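# Structural description and commentary
What follows is the residue order along each chain.
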Amino acid sequence: MFDHPCFDAHEGLHLFHDSKTGLKAVIAVHSTARGPAAGGCRMWNYASEAEMLSDALRLSQGMSYKNAMADLPLGGGKAVIWGNARTDKSPELFRAFGRAVESLQGIYWTAEDVGLTPQDLAYAAEETQYAAGLESGHAASGDPSPITAIGVYRGILECVRRVYGDSDLNGKTVAVQGVGKVGADVCRHLAKSGANLIIADVNEEAARRVAAETGARIAALDDIYDAPADVFSPNALGGSITSQTLKRLQAKIIAGGANNQLATADMGEALRSAGILYAPDYVINGGGIINVAAEISGNYSRDWVNGKLDALMDTLRRVLDQAVQENLPTTEIAGRIARQRIGRAEST
Ligand code: NAD
């Protein structure tokens, strides 16, 4: 375990099994140096136990970095449930998951991630006080996606200003991969600012809806990489930036809400040397976790959320400035700042 490639001095790795409901879950706590470990719960039909474990380790580390970059009093953690989100769900399964979360006594706070709905989380919250992102109850703030989208939109403007001299989007084209909760809202903000949009989504209905609303042109799924665009905005699943897709991109900027956009760590340097400005995902998409943090505080305030979002944009500017000054990938600078903030400046 301690030699696992995804192990990064995680503080705790907790395995849960409930034979009555079939729950098989892992809660990984990467760091509590800044506060309770917070990060969503993902339900996924992993091919193997090993794959599930790697995902939990990797995602919880990512949450430490994201929470640190957003300067939140939260550490990083993540829960994964092994199962098919379409066929294996039951209220009892999520109640059992809630009991698992509760047993950690606040070391870990859960929320929604891929595969979970607000209703699933509500079942878990029947058994634990350590669930956020709820739609009702004390300090509930609902879906964090609109706040995530505002951060992504502002990050795009910042990158456009740096590459093109001003942040005017009129006449600029943005290719948006994935128009779900975050991507659709990003499109709305961009369209209002005069950008032309090219969008792609596996969900054709979602793409049609967003196109009707924003005037976007719909591209075939794989064609989005070749779209004649100034900005490429990944808002679907991770891993879309590979050495292959990079060759096809025409955009000078990559800035989007998806987690883990770079398929491999060396893509940071590949993007830098290709002259593409990359806004590190765990910086630009921190709006949602800021909203969740406000909820966890028990005293939700939109003003506080807005202030933190402003500070996050300052951090993005610092990352982009330093990357230029030191001639290093933005990913390297962001990683260094995050590790300093969680007291792990020595790790690589
Ligand atoms: P979502 O499920 O609402 O949207 C994702 C969309 O991507 C869906 O419409 C889906 O059909 C589409 N999609 C999937 N594979 C695709 C592909 N290959 N090509 C094109 N489209 C594809 O999820 P979301 O909440 O909008 O999150 C989007 C991304 O942002 C995820 O990576 C998520 O982890 C990340 N993220 C979300 C938040 C948030 O607040 N929701 C916060 C931080 C990061």
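Data block above holds the structure.
These numbers were taken from a predicted model, which means no experiment stands behind them.

## Some words on the sheet that holds strand S9 (residues 217-218)
A sheet is described by the order of its strands in space; here six strands give the open sequence S9-S8-S7-S10-S11-S12, paired in parallel fashion. The open sheet is flanked by S9 and strand S12 (277-278), the only strands paired with a single partner. Pairing of strand S7 (residues 173-177) with strand S10 (residues 231-234), which is carried by four bridges, proceeds in the parallel orientation. Bridge pairing in S10 places Val174 opposite Val231.

## Some remarks on the packing of aromatic side chains
By the definition in use, this model includes four aromatic pairs. With a centroid separation of 5.5 Å and an interplanar angle of 80°, the aromatic rings of Trp109 and Tyr130 are classed as edge-to-face. One end of the pair, Trp109, is in strand S6 (residues 108-109); the other, Tyr130, is in the loop between helix H3 (118-125) and helix H4 (145-164), with 21 residues separating them in the sequence. Residue classification places Trp109 among the buried positions, given a relative accessible area of 14%. A cation sits over an aromatic face here: Lys24 above Trp82, 5.5 Å from the ring centre. One cation-aromatic arrangement involves Lys172 over Tyr164; the distance from NZ or CZ to the ring centre is 4.8 Å.

## Some details on the layout of surface pockets
Taken as a whole, the second largest pocket encloses approximately 290 Å³ of empty space. Lining the second largest pocket are 18 residues, and of these Arg272, Ile276, Leu277, Val324 and Thr330 sit closest to its centre. Sorting the residues of the lining of the second largest pocket by element identifies H4, helix H8 (267-273), S12, helix H11 (302-326) and helix H12 (330-341) as the ones contributing at least two each. Per-class residue counts for the lining of the second largest pocket are 10 nonpolar, five polar and three charged.

## Notes on the pairing of S10
Burial along S10 is two-sided: the residues Val231 and Ser233 and Phe232 and Pro234 are all buried. Between the parallel elements S10 and strand S11 (residues 253-254), the chain passes through helix H7 (residues 243-248) in a crossover that is right-handed.

## Observations regarding unusual backbone geometry
In this structure, Ala9 takes a positive phi of about 50° despite not being glycine. With relative accessibility at 45%, the residue Ala9 sits in the partly exposed group. Positive phi is not limited to glycine here, since Gln105 has a value of about 55°. Structurally, Gln105 can be placed in the loop between helix H2 (91-103) and S6.

## Overview of the site of the ligand
Residues in close proximity to the ligand total 20 residues, the closest being Thr148, Val182, Asp201, Ala236 and Asn259. Within the side chain of Ser145, a nitrogen or oxygen atom sits 3.0 Å from a nitrogen atom of the ligand. Here an oxygen atom of the ligand sits 2.9 Å away from a polar atom, N or O, in the main chain of Lys181. Relative to its free-state accessible area of 830 Å², the ligand is covered by the protein chains to the extent of 76%. Contributing elements (two or more residues each) for the shell around the ligand: H4 and helix H5 (181-192). For the shell around the ligand, the per-class residue count stands at seven nonpolar, 10 polar and three charged.

## Focus on the nonpolar core
In this structure, Ile27, Ile81, Phe97, Leu190 and Ile199 are the most contacted members of the largest nonpolar core, which totals 83 residues. In terms of residue count, H11 provides more of this core than any other element does, eight residues in total. Ile224, Tyr225, Phe232 and Met267 belong to the second-largest nonpolar core, a separate cluster that totals 19 residues.

What counts, and at which threshold
Residues numbered from 1 in each chain as written. Predicted model: local features only at pLDDT ≥ 70, side-chain atom pairs only at ≥ 80, totals over all residues. Heavy atoms only, no water. Pairing = 2+ DSSP bridges. Helix = DSSP H or I, 4+ residues; strand = E, 2+ residues; numbered from the N terminus. Phe/Tyr/Trp six-rings, centres within 6.5 Å; stacked < 30°, edge-to-face > 60°. Buried < 20%, exposed > 50% of the residue type's maximum accessible area, 1.4 Å probe, protein only. Lys NZ or Arg CZ within 6 Å of the ring centre and 35° of its normal. 1 Å grid on protein atoms, 1.4 Å probe; cavity = no way out; pocket = protein on both sides within 12 Å on 5 of 7 lines; lining within 4 Å. Points joined across faces, edges and corners; volume = space filled by probe spheres on them. Nonpolar A, V, L, I, M, F, W, Y, C, P; charged D, E, K, R; others polar. Right-handed = clockwise from strand over helix to strand, strands pointing away. Near = heavy atom within 4 Å. Polar contact = N/O pair within 3.5 Å; in protein donor to acceptor, adjacent residues only side chain to side chain. Areas by Shrake-Rupley, 256 points an atom, 1.4 Å probe, with all protein chains shown as cover. Core = buried A, V, L, I, M, F, W, Y, C linked by side-chain atoms within 4.5 Å.

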